[in-house]
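What the coordinates show
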Amino acid sequence: MTTVLLARHGLTATTGHVLTGWMPGIPLDDRGRAQAAALAARLAPLRLDAIVSSPLERCVQTAAAIAEGRDGQQVITEDRVGECRYGDWTGRPLKKLAQERLWRVVQAHPSAVTFPGPDGESMPDMQHRAVAAVRDWNARLGQDATYLICSHGDVIKAIVADSLGLHLDQCQRIQADPCSLTVIRYTPLRPFLVRMNDRGGGVDDLMPRADRHAPNGAAASDAVASDAAVGGGSGGAAVMNGQDPREPSAPSGRQESADTRG
């Protein structure tokens, strides 16, 4: 399974006020730098096979904070996970944009939206290039890789919608706050959304596990790697206790209930 950590950049002075898009010169503010440092500290125990970032400054700064202290690990910029190109909407206050007729379309039917102006991008095109980037990096790094992509709210929402098999019109039901962490595991059969908009959890359950491989050292079968947890599974509890969640617990000397509810 390839594990992808999607981190949104930290706060800037314009976050929530102006649609900055691809405007240059929009760095993290003091709050954003503190958020990036906190996210870096959370992820410090986790080995990352690559740190990929949107080329925009706010993302590169967030990714650089995560890369700091990782023995010189470099941040790799990737245009395809850059912000949606908002065209003539770029640089305008969100309060003003909310009065535009297109705003309601963005809210209800983003799959029908192409932002105005010669540089405007359609939201389906944005989703296509971002998902293609994830798939390409998955193939490049391999099935046992864990890596991070630092990107933007709309881009992360579009990737999550794809992972869940949702129509792009449903992406507005998804939230990606500044410096939140969203985690997707890609298997040969299906992706698994492991976390979404997480702003405080540990990373024990994201650590590489021995049960990804068969006892003889061979890779686990595609079927096993792609299996969903029947009955809901045990989440990270069994992993943190060093137990394979697919194996039963050792007997405790008393009869356990046969209740299999998730």
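Remember, predicted model here, so these are calculated numbers, not experimental data. (Residues numbered from 1 in each chain as written. Predicted model: local features only at pLDDT ≥ 70, side-chain atom pairs only at ≥ 80, totals over all residues. Heavy atoms only, no water.)

1. Quick notes on the nonpolar core
By size, the foremost hydrophobic cluster in this structure holds 35 residues, and its most contacted members are Trp89, Phe115, Tyr147, Ile149 and Ile159. Of all the secondary structure elements, the ones that give two or more residues to this core are β1 (2-8), α4 (101-108), α5 (123-141), β4 (146-151), α6 (153-163) and β5 (181-186). Per element, the largest residue contribution to this core is seven residues, and it comes from α5. Setting aside chain neighbours within four positions, we find Ile149 in contact with Val4, Leu5, Leu6, Ala7, Val52, Val81 and Val134. With 22 residues, the next largest nonpolar core counts Ala7, Cys59, Ala63 and Ala67 among its residues. (Core = buried A, V, L, I, M, F, W, Y, C linked by side-chain atoms within 4.5 Å. Buried < 20%, exposed > 50% of the residue type's maximum accessible area, 1.4 Å probe, protein only. Helix = DSSP H or I, 4+ residues; strand = E, 2+ residues; numbered from the N terminus. Contact = heavy atoms within 4.5 Å.)

2. Comments concerning the packing of α5 against α6
Close contact between α5 and α6 brings their axes to 9 Å; oriented N to C, the two are set at 70 degrees. Comparing the axis directions of α5 and α6 gives the class roughly perpendicular. Touching Met126, Gln127, Ala130, Val131, Val134 and Arg135 of α5 are Asp154, Val155, Ala158, Ile159, Ala161 and Asp162, all from α6. Across the contact of α5 with α6, the residue classes tally to eight nonpolar, one polar and three charged. (Axes fitted to C-alpha atoms, helices over the stretch in contact; angles between N-to-C directions. Parallel < 35°, antiparallel > 145°, perpendicular 65-115°, else oblique. Nonpolar A, V, L, I, M, F, W, Y, C, P; charged D, E, K, R; others polar.)

3. A word on the confidence of the model for the chain
Across the chain, the average pLDDT comes to 87, with 80% of residues at or above 70. This stretch, residues 213-218, has a pLDDT under 50; its non-local contacts, to residues over four places away or in other chains, come to six contacts. Contacts for the low-pLDDT stretch residues 242-262, under 50 throughout, to residues beyond four places or in other chains number 14 contacts. (pLDDT = per-residue confidence, 0-100.)

4. Let's talk about unusual backbone geometry
A positive phi angle, close to 55 degrees, is found at Asp71, a residue other than glycine. Note that Asp71 resides in the loop between α2 (57-67) and β3 (75-77).

5. What about the packing of aromatic side chains?
According to the stated counting rule, one finds three aromatic pairs in the structure shown. With 4.9 Å between their ring centres and 85 degrees between their planes, Tyr86 and Phe115 make a pair best called edge-to-face. With a gap of 29 residues between them, Tyr86 in the loop between β3 and α3 (94-97) and Phe115 in the loop between α4 and α5 connect regions that are remote in the sequence. Of the two residues, Tyr86 and Phe115, both sit in the buried class. Here the aromatic rings of Trp89 and Phe115 are separated by 5.4 Å at their centres, their planes lie at 65 degrees, and the arrangement is edge-to-face. Of the two residues, Trp89 sits in the loop between β3 and α3 while Phe115 sits in the loop between α4 and α5, which places them 26 residues apart along the sequence. (Phe/Tyr/Trp six-rings, centres within 6.5 Å; stacked < 30°, edge-to-face > 60°.)

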